[in-house]
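Reading the structure
Here is how the chains run, residue by residue.
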Amino acid sequence: MGDPGQSPSAWSPHGNPPTLSTLTLLLLLCGHGRFSRLHGRPPGFLHCASFGDPHVRSFHHHFHTCRVQGAWPLLDNDFLFVQATSSPVASGANATTTRKLTIIFKNMQECIDQKVYQAEVDNLPAAFEDGSINGGDRPGGSSLSIRTANPGSHVEIQAAYIGTTIIIRQTAKQLSFSIRVAEDVARAFSAEQDLQLCVGGCPPSQRLSRSERSRRGAITIDTARQLCKEGLPVEDVYFHSCVFDVLISGDPNFTVAAQAALEDARAFLPDLEKLHLFPSDAGVPLFSATLLAPLLSGLFVLWLCTQ
């Protein structure tokens, strides 16, 4: 994982890296939207989410159900660091839920002071760790802001200088994370920052198998499907995630986490054709054929977990 205080790098191991002039202009203007208009092209955005068990939808539309107990990085690039800390959903279960989120907006000389946001179950503050609600006194300080849409259960952070919006929610004693981020920003990381669940999805060793379904509570699969169907009529990966979570936890409130994750995706995805993923395509990478082989083993992970 990278040093939260390091300066931005122009190199990226995936796709076409942003040039030094691109990142420099972004910093100087403290606003990705203004940078994009200056170059006469629309910005590219990516979406990632983690909710429930947790289920992780990566930037490249992989969708995995993960055990990831303890602290794992969702993002670690030259601008932003996000870490999720998870613990077992029930005693003796491999399935976990996210109980803590730490987000670091890294120091940017022309824009913002370094800001840290930390949320835990039953404690979603409407301010950064230092008590502020913006990026500080620097010229671009107002380009980072935090607000609460529903105190105690829904916080939104806007980082306009890097074209990023983050939503953090609490439902059913777990935290959900959803982000829409400028593509150039998401790609600005080095080889040492290679472990990011939002970039590569869950490592194969951390993906749950169908044997986890035996660890369910008193709710039957038919009841779980009925509960989830009420808010998720399309039987996509969000629906199957909902069924999995309700079965594992025995808590009908987990339906809300999947519904909220779908609504965030609907708001954040620029291409709504990618909104609904299905078990047969949720593990296929869209950016590199060379990564197909190791990921095909997880192609039907979520589907298997609900059979």
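In the annotation of an unreviewed UniProt entry, the entry for the chain reads Hemojuvelin, and the organism field reads Camelus dromedarius. The Sequence similarities (unreviewed entry) comment attached to the chain in UniProt states, word for word, "Belongs to the repulsive guidance molecule (RGM) family." The record held by UniProt for the chain lists under Subunit (unreviewed entry) the comment "Interacts with BMP2 and BMP4. Interacts with BMP6. Interacts with BMPR1B. Interacts with TMPRSS6."

Residues with a pLDDT of 70 or more make up 73% of the chain, whose mean pLDDT is 79. Confidence, read as mean pLDDT per element, is least for helix H8 (residues 292-296) in the chain (26) and greatest for strand E7 (residues 115-120) (98). Across residues 1-22 the pLDDT falls below 50, and counting only partners more than four positions away or on other chains, this stretch makes 47 contacts in the model. A low-confidence stretch, residues 283-307 (pLDDT under 50), is modelled with 50 contacts involving residues beyond four sequence positions or located in other chains.

Further remarks concern the nonpolar core. Ranked by size, the top nonpolar core spans 46 residues in total, and within it Phe 59, Ile 103, Phe 105, Tyr 117 and Ile 157 carry the most contacts. Counting residues per element, this core draws most heavily on strand E11 (residues 174-182), which supplies five residues. Beyond its immediate sequence surroundings of up to four residues, Ile 157 is in contact with Ile 103, Phe 105, Tyr 117, Phe 128, Leu 144, Ser 145, Ile 146, Thr 164, Thr 165, Ile 166 and Ile 168.

Further remarks concern the sheet that holds E7. Read from one edge of the open sheet, four strands run E4-E5-E6-E7, paired in antiparallel fashion. If you trace the sheet from one side to the other, it starts and ends with strand E4 (70-76) and E7, each paired once. Sheet twist, expressed as the mean angle between neighbouring strand axes with direction ignored, is 20 degrees. When strand E5 (residues 80-88) meets strand E6 (residues 96-105), the two strands line up antiparallel, connected through nine bridges. If you follow Pro 88 over to E6, its bridge partner there is Thr 96.

Evaluated as defined, the whole model comprises eleven salt bridges. Measuring nitrogen to oxygen at the nearest pair gives 2.7 Å for the salt bridge that ties Arg 169 to Asp 264. A residue pair is termed long-range when its members are at least 10 positions apart, and Arg 169 in strand E10 (residues 164-171) and Asp 264 in helix H7 (residues 254-268) qualify at 95 residues. Arg 169 gets classed as buried once you look at its relative accessible area, which sits at 18%. A salt bridge links Arg 187 to Glu 183, with the shortest nitrogen-to-oxygen separation between them at 2.8 Å. A residue is classified by how much of its surface remains accessible, and Arg 187, at 17% relative accessible area, is buried. What you see here is one network of salt bridges that share partners, running through Arg 225, Lys 229 and Glu 235.

Look at H7: 22 Å from first C-alpha to last across 15 residues, which is about the 21 Å you get at 1.5 Å a residue. Listed as buried for H7 are Phe 254, Thr 255, Ala 257, Ala 258, Ala 260, Ala 261, Leu 262, Asp 264, Ala 265 and Phe 268. Looking at the packing, one finds that the buried side of H7 touches strand E1 (45-51), E6, E10, E11, helix H5 (221-231) and helix H6 (237-249).

For the rest of this paragraph, the subject is the pairing of strand E8 (residues 144-150). Looking at chain direction, E8 and strand E9 (residues 154-159) are connected through six bridges and run antiparallel. Across the sheet, Ser 145 pairs through a bridge with Gln 158, a residue of E9. Here E8 folds back onto E9, and the loop between the two strands holds three residues, one of which, Gly 152, carries a positive phi near 90 degrees.

Taken together, seven strands build an open sheet; the order of strands is E3-E2-E1-E11-E10-E9-E8 and the sheet is antiparallel. Bordering the open sheet on either side are strand E3 (63-65) and E8, each of which pairs with just one other strand. Here the strands of the sheet are splayed against their neighbours by 10 degrees on average, with no regard to which way each runs. Relative to strand E2 (residues 55-57), E1 is paired through three bridges, and the arrangement is antiparallel.

What counts, and at which threshold
- Residues numbered from 1 in each chain as written.
- Predicted model: local features only at pLDDT ≥ 70, side-chain atom pairs only at ≥ 80, totals over all residues.
- Heavy atoms only, no water.
- UniProt positions renumbered as here; feature names shortened; annotations may be inferred.
- pLDDT = per-residue confidence, 0-100.
- Helix = DSSP H or I, 4+ residues; strand = E, 2+ residues; numbered from the N terminus.
- Contact = heavy atoms within 4.5 Å.
- Core = buried A, V, L, I, M, F, W, Y, C linked by side-chain atoms within 4.5 Å.
- Buried < 20%, exposed > 50% of the residue type's maximum accessible area, 1.4 Å probe, protein only.
- Pairing = 2+ DSSP bridges.
- Axes fitted to C-alpha atoms, helices over the stretch in contact; angles between N-to-C directions.
- Salt bridge = Lys/Arg side-chain N within 4 Å of Asp/Glu carboxyl O.
- Expected span 1.5 Å × (residues − 1).

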